[in-house]
There are 4 protein chains.
Amino acid sequence: MTEVRTLAPTPEQWSFAFGGREPLLTVAPGTVVEVTTEDCFGGLVRGHDDLPSQVCTFPYLNPVSGPIAVEGAEVGDTLAVHFVEIVPSRDWAVSTTFPHFGALTTTHATAMLHPALEERVWVYDVDVAAGTCRFTARRSDFSVELPLDPMHGTVGVAPAAGEVLMSITPAAHGGNMDTPELRAGVTAYFPVNVPGGMLSIGDGHARQGEGEVCGTAVEAAMQTVVVVDLVKGSAPGSPRLESDDFLMTTGSTRPLEDAYRMSQLDLVGWTGSLLGLDELDALQLVSQAGLAPVGNVVDTNYTMVGKLPKHLLGPALAYDGTHDRLRAVGADYLRRR
Amino acid sequence: MTEVRTLAPTPEQWSFAFGGREPLLTVAPGTVVEVTTEDCFGGLVRGHDDLPSQVCTFPYLNPVSGPIAVEGAEVGDTLAVHFVEIVPSRDWAVSTTFPHFGALTTTHATAMLHPALEERVWVYDVDVAAGTCRFTARRSDFSVELPLDPMHGTVGVAPAAGEVLMSITPAAHGGNMDTPELRAGVTAYFPVNVPGGMLSIGDGHARQGEGEVCGTAVEAAMQTVVVVDLVKGSAPGSPRLESDDFLMTTGSTRPLEDAYRMSQLDLVGWTGSLLGLDELDALQLVSQAGLAPVGNVVDTNYTMVGKLPKHLLGPALAYDGTHDRLRAVGADYLRRR
Amino acid sequence: MTEVRTLAPTPEQWSFAFGGREPLLTVAPGTVVEVTTEDCFGGLVRGHDDLPSQVCTFPYLNPVSGPIAVEGAEVGDTLAVHFVEIVPSRDWAVSTTFPHFGALTTTHATAMLHPALEERVWVYDVDVAAGTCRFTARRSDFSVELPLDPMHGTVGVAPAAGEVLMSITPAAHGGNMDTPELRAGVTAYFPVNVPGGMLSIGDGHARQGEGEVCGTAVEAAMQTVVVVDLVKGSAPGSPRLESDDFLMTTGSTRPLEDAYRMSQLDLVGWTGSLLGLDELDALQLVSQAGLAPVGNVVDTNYTMVGKLPKHLLGPALAYDGTHDRLRAVGADYLRRR
Amino acid sequence: MTEVRTLAPTPEQWSFAFGGREPLLTVAPGTVVEVTTEDCFGGLVRGHDDLPSQVCTFPYLNPVSGPIAVEGAEVGDTLAVHFVEIVPSRDWAVSTTFPHFGALTTTHATAMLHPALEERVWVYDVDVAAGTCRFTARRSDFSVELPLDPMHGTVGVAPAAGEVLMSITPAAHGGNMDTPELRAGVTAYFPVNVPGGMLSIGDGHARQGEGEVCGTAVEAAMQTVVVVDLVKGSAPGSPRLESDDFLMTTGSTRPLEDAYRMSQLDLVGWTGSLLGLDELDALQLVSQAGLAPVGNVVDTNYTMVGKLPKHLLGPALAYDGTHDRLRAVGADYLRRR
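In short, a report on the structure. Just so you know, these numbers come straight off a predicted model, no measurement behind them.

Considerations on the relation of the copies chain C and chain D
- Under the fitted operation, chain C is carried onto chain D by 0.0 Å of movement along the axis and a turn of 180°, and the coordinates agree to an RMSD of 0.0 Å. In short, the pair behaves as if placed about a two-fold rotation axis.

Let's talk about the interface of chain C and chain D
- In this assembly, 60 residues from chain C lie in contact with 60 residues from chain D.
- Buried surface at the junction of chain C and chain D, both sides included, amounts to about 4,800 Å², of which 63% is carbon and sulfur.
- Applying the counting rule to chain C against chain D returns 4 salt bridges.
- Across the pair D281(D) and R120(C) runs a salt bridge, and its minimum N-O distance is 3.1 Å.
- Viewed at the interface, chain D and chain C are joined by 40 residue pairs in polar contact (both at pLDDT 80 or more).
- Secondary structure elements with two or more residues in the side of chain C that touches chain D: β7 (92-96), β8 (121-127), β10 (143-147), α2 (256-275), α3 (279-289) and β20 (302-309) of chain C.
- It is α3(C) that contributes the most residues to the side of chain C that touches chain D, 9 residues altogether.
- Partitioned by chemical class, the residues of the side of chain C that touches chain D number 33 nonpolar, 15 polar and 12 charged.

Re the packing of helix α2 (residues 256-275) of chain D against helix α3 (residues 279-289) of chain D
Residues and elements named next belong to chain D.
- Relative orientation of the contacting elements α2 and α3 amounts to 115°, with a least axis distance of 8 Å. As the angle between them shows, α2 and α3 are arranged roughly perpendicular. Seen along the crossing, α2 lies across α3 with a hand that is right-handed. Residues Q264, L267, V268, T271, G272 and L275 of α2 form the contact with α3, whose own contacting residues are E279, A282, L283, L285 and V286.
- For the contact of α2 with α3, the per-class residue count stands at 7 nonpolar, 3 polar and 1 charged.

Remarks on the relation of the copies chain A and chain B
- Superposing chain A onto chain B takes a rotation of 180° plus a shift of 0.0 Å along the axis, which leaves an RMSD of 0.0 Å.
- By residue overlap, the copies meet face to face through one surface: 100% of the interface positions of chain A are interface positions in chain B.

Considerations on the packing of aromatic side chains
- This structure, assessed with the given rule, holds 20 aromatic pairs over all chains.
- Ring centres of Y189(D) and Y319(D) lie 4.1 Å apart, and the angle between their planes is 25°; this geometry places the pair in the stacked category. Placement of the pair is Y189(D) in strand β15 (residues 187-191) and Y319(D) in the loop between β21 (302-309) and α4 (322-336), with a sequence separation of 130 residues. Neither Y189(D) nor Y319(D) differs from the other in exposure class; each is buried.
- Ring-pair connections join several aromatic residues into one group, and the members of that group are Y124(A), F135(A) and F142(A).
- The ring centre of W270(C) lies 4.3 Å from the NZ or CZ of R240(C), which sits over that ring.

Parameters and conventions
- Residues numbered from 1 in each chain as written.
- Chains lettered and ligands numbered in written order.
- Predicted model: local features only at pLDDT ≥ 70, side-chain atom pairs only at ≥ 80, totals over all residues.
- Heavy atoms only, no water.
- Least-squares fit on C-alpha atoms with pLDDT ≥ 70 in both.
- Contact = heavy atoms within 4.5 Å.
- Buried area = accessible area lost by both parts, 1.4 Å probe.
- Salt bridge = Lys/Arg side-chain N within 4 Å of Asp/Glu carboxyl O.
- Polar contact = N/O pair within 3.5 Å; in protein donor to acceptor, adjacent residues only side chain to side chain.
- Helix = DSSP H or I, 4+ residues; strand = E, 2+ residues; numbered from the N terminus.
- Nonpolar A, V, L, I, M, F, W, Y, C, P; charged D, E, K, R; others polar.
- Axes fitted to C-alpha atoms, helices over the stretch in contact; angles between N-to-C directions.
- Parallel < 35°, antiparallel > 145°, perpendicular 65-115°, else oblique.
- Left-handed = near helix turned anticlockwise from the far one by under 90°.
- Phe/Tyr/Trp six-rings, centres within 6.5 Å; stacked < 30°, edge-to-face > 60°.
- Buried < 20%, exposed > 50% of the residue type's maximum accessible area, 1.4 Å probe, protein only.
- Lys NZ or Arg CZ within 6 Å of the ring centre and 35° of its normal.

In structure tokens:
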């Protein structure tokens with residue numbers, strides 16, 4: 001029977017980077033882990049007056065829970081993590097603008113002479129039972145319910161080459177990809193770059209638009225359940241995702257067209273290898289059947305996702321059916337809980 | 001009762017540019033037009049041996065049907081065109097790679113020392129009744145049916161400032177945006193830059209993935225029905241789209257993040273004006289509820305689309321309900337036909 | 001003996017685009033032409049209160065003098081124009097910020113929520129005899145003399161494919177490249193895309209920094225002398241420049257790295273063909289000996305220049321010595337004048 | 001009298017990253033340090049058959065000598081390093097193409113379907129006395145002498161936020177900026193992000209073109225002399241350089257226009273503060289008098305340099321004359337040696 005472990009770090013145990021950390025937990029492949037995560041502000045933004053630039057201290061932003069070491073994970077392996085459940089742990093969540101952060105403002109990189117946009121906090125009412133979060137405008141009476149669609153903005157492993165990267169950076173190791181595709185029901189695949197792989201998870205979003213255009217999502221502390229697993233070898237160049245319906249690839253770099261290229265090239269390669277297609281035939285199929293939702297256009301790297309419907313694959317199974325297997329483990333866990 | 005007109009240009013009447021052309025047809029606002037369009041290869045690529053670089057002659061690529069002048073359209077107005085029906089007119093369609101064109105190859109702009117990728121033609125079987133088109137690999141036995149999702153890659157008006165732009169370029173006037181969102185059921189809004197507006201339509205796709213990564217979609221001649229209409233004033237900065245479910249904006253430029261910025265900024269502005277929100281409140285709502293599908297990452301400009309679900313708008317109606325009105329005209333036409 | 005012609009268009013004769021215009025002057029290859037050009041504001045910005053957004057009317061910006069048709073120029077030929085002399089024709093020049101234009105401000109393409117930067121005019125004192133122009137700060141007492149380095153921001157021919165492009169756009173036809181390398185003593189080579197080539201010249205700058213970061217240079221009306229010539233065949237893909245000391249290539253597109261790629265790839269190809277080097281050997285030589293000054297990072301396309309010192313070429317001569325020949329024609333003209 | 005120290009690390013002492021390393025040397029401000037550096041291949045590429053992808057092992061590329069801790073350096077201070085002398089230590093140097101690296105080839109980020117370009121090694125003869133290095137083509141008889149212009153591609157300090165970055169990455173901490181401006185006679189200013197600052201130096205180039213288009217320069221082991229100093233406070237956002245004639249700023253990010261923006265915005269700010277100009281007046285002066293040479297367009301971030309002639313500054317001195325002071329220390333060292 002599946003082992004169930006818990007990872008609920010204290011603030012002193014939070015990590016703000018990927019790489020260079022000792023594991024908080026070591027698990028065997030196939031273990032279910034109940035993970036508690038704090039929001040990207042460390043829970044310090046709780047009302048309209050809690051401006052993040054005042055209550056948060058750089059670089060102590062975007063805490064992640066972890067790392068979790070996986071027994072037997074060696075460089076070149078694939079760390080698989082299936083998201084069984086992602087549930088907001090409070091009845092509120094927040095979003096904010098933040099000076100020099102976002103797609104429609106001058107930033108450190110897209111550097112301009114404009115002063116920063118106004119820093120403003122929005123507080124959302126979260127109703128897990130109803131499956132909604134409520135947006136309320138700050139300068140008028142407008143209010144509307146949005147569907148909950150909980151996800152983790154930041155999931156990844158220790159980077160290659162001994163690098164230590166801030167948790168706000170998405171790259172080949174995962175990290176802050178900020179794609180709404182990383183929701184419950186999805187299995188994510190990461191390259192193992194150091195022994196144990198060193199998985200960390202954070203930055204829960206009650207929901208997020210594609211691109212995260214203002215710079216933050218509906219930021220929420222989460223109670224999350226994952227199944228952590230290992231596939232020997234086959235390390236992907238960049239994180240891959242798999243849902244019941246889609247194969248997904250990611251690319252995190254700048255400019256955005258290069259993130260698109262990375263994600264699509266990997267989707268072409270993955271599709272070709274699963275279907276036994278030559279490279280141009282796989283390109284053709286992806287060209288006509290593929291999707292390309294934006295992850296984020298605000299972080300230190302931008303993230304694009306490539307998606308292919310799995311029904312096109314026929315009987316072919318990615319990673320020898322790892323997704324289905326982990327999904328069953330998760331279902332079993334939920335049933336027994 | 002609505003007038004119905006026909007536009008079925010001969011090859012000699014095709015246009016390969018937006019701007020600088022006399023109208024082939026002049027219609028009153030509200031007119032239904034049955035438009036015949038040829039595929040982007042002028043119908044010359046019909047089999048595996050018809051390599052486009054050999055059978056097509058630059059710049060006679062991507063013919064469009066038009067322009068259609070709208071009576072009373074003045075600079076600063078909005079030309080609305082509702083797509084009632086887009087139906088492939090042949091039982092086959094084609095897609096190809098093309099030397100130095102596409103997102104995963106060296107191009108004129110992303111110029112590299114690599115030789116061009118192989119030029120290859122794929123022929124799709126199109127079954128309108130079944131709603132499918134069949135992909136067949138060229139270098140293996142794989143074959144699979146894809147759902148038909150007919151759309152027009154190229155729709156636009158005469159550009160501002162007296163410019164004449166090749167039909168393969170998407171920009172503020174529309175043109176070759178290559179977004180799968182431009183399907184039947186959608187109303188598109190364009191700025192009127194010259195008297196009459198001068199609408200042209202072409203480049204039908206039996207279906208297309210997001211980004212059109214290989215450079216071409218499932219290229220098909222189309223029999224299309226539109227309702228052409230006029231909104232006085234309110235010219236958008238870039239084309240906007242509206243379906244029953246979504247408001248959509250577009251941005252066509254490079255790099256891709258700038259196309260994202262253009263489309264999202266317009267979506268923020270449009271949302272704010274419809275809901276009476278201040279700018280940052282509108283930004284916040286779009287950030288959490290907006291979508292950002294890729295149009296193309298292969299043309300002379302890249303195109304991004306911003307999308308907001310209309311159910312968030314409550315009773316607010318874009319362009320005073322133009323979409324609903326034109327949709328009713330289209331339904332009436334279909335009923336009577 | 002060389003023929004000398006004059007082109008001094010009236011405001012009614014100014015052109016604001018490349019392409020689609022009848023020639024104002026037709027000359028034989030080898031003709032010297034004395035050209036009068038107005039500044040990019042049409043001479044309407046003359047003092048601190050003449051804000052360009054108020055005194056200028058879109059799209060009547062950036063007038064060019066021309067087109068000049070060259071007898072015998074056929075599609076695929078190379079139009080060569082040697083700049084003998086570029087002299088400011090007034091004792092003042094102006095520069096300005098302009099709303100939503102420049103590298104350090106939100107623009108139409110890099111679209112953001114910031115309001116436009118302040119629009120401000122600077123008037124420079126120009127002293128042709130002393131070879132200086134004087135910058136005077138607007139908000140403090142600082143003033144400093146800068147060396148005159150007159151150049152033309154906008155030089156080009158009719159585009160291919162029947163396109164008509166606003167004069168503010170740089171592309172394969174030349175246009176508004178805004179590189180300080182286009183000064184007196186330089187020969188520029190353009191592809192002939194339509195019979196006659198159709199050369200136009202405008203947008204004189206008393207001097208300009210690399211990138212034109214605020215959006216405008218020290219804008220000046222000019223009295224310019226060129227030798228217009230024709231090389232049969234050999235049309236370059238993008239404009240090339242040649243001085244006594246350097247071969248130069250250009251790339252105009254977005255993002256800036258693609259402009260860099262275009263200019264460097266053409267420099268590699270040109271170098272290889274002149275020295276008989278294989279492609280990678282030419283790449284290696286350019287990598288170690290080439291320069292890459294920025295033209296502009298503000299226009300509708302960005303422009304990069306690639307430069308290689310001619311002393312590396314030994315006896316090899318570009319375009320069979322056209323530059324030296326036209327330089328001699330220019331020297332002869334100056335001597336006789 | 002100035003203290004003189006030596007740093008000549010063994011291969012076991014080389015570092016391949018910035019950050020996370022204990023100092024090899026700790027010096028007082030004002031110390032002269034004689035530094036030995038190996039080339040970017042660790043000296044393993046010595047002939048035409050030493051293909052770097054075969055003789056080098058990722059991530060053991062681009063070794064740097066250091067870190068050097070500066071006594072008293074605290075977070076927020078400025079670490080100044082003046083390059084007194086950079087001398088190739090062997091009579092040969094090498095350059096190569098490298099699979100998936102360079103501006104004119106598909107890379108990890110600009111991901112395409114093309115196979116890698118040929119990997120090829122060029123060996124340069126270096127003659128320090130004559131001041132030349134000789135390029136010899138591999139596929140033809142061409143050979144030509146190029147002037148030596150020794151520089152360091154990689155100079156930097158420990159990054160902020162506890163990050164550890166591969167030495168091949170340029171960013172706010174410096175690193176692999178690969179700009180030919182970093183030659184002898186120049187003072188570089190870095191932000192102190194950790195106590196001691198932790199300066200490392202490597203990647204000597206006998207010379208380099210702007211952009212390093214093939215991916216590598218004329219790679220050379222170096223014997224280098226620097227003066228290491230400390231300015232309290234005033235940490236720049238990105239590295240700055242100062243020569244006898246120019247103030248220089250850097251920006252390292254993607255796309256290249258953002259690197260341009262970063263470098264120019266910092267140049268505007270620096271110029272304004274030295275001359276007491278308001279922001280737009282400083283922008284205007286930089287716009288007309290500034291230069292913008294490319295550093296690299298091949299590394300994980302691209303680097304642009306902004307340059308302003310110091311003669312425009314009148315009596316104003318950057319960093320209270322640190323450059324002049326360190327230059328004098330260096331001259332004194334050379335005299336006494």
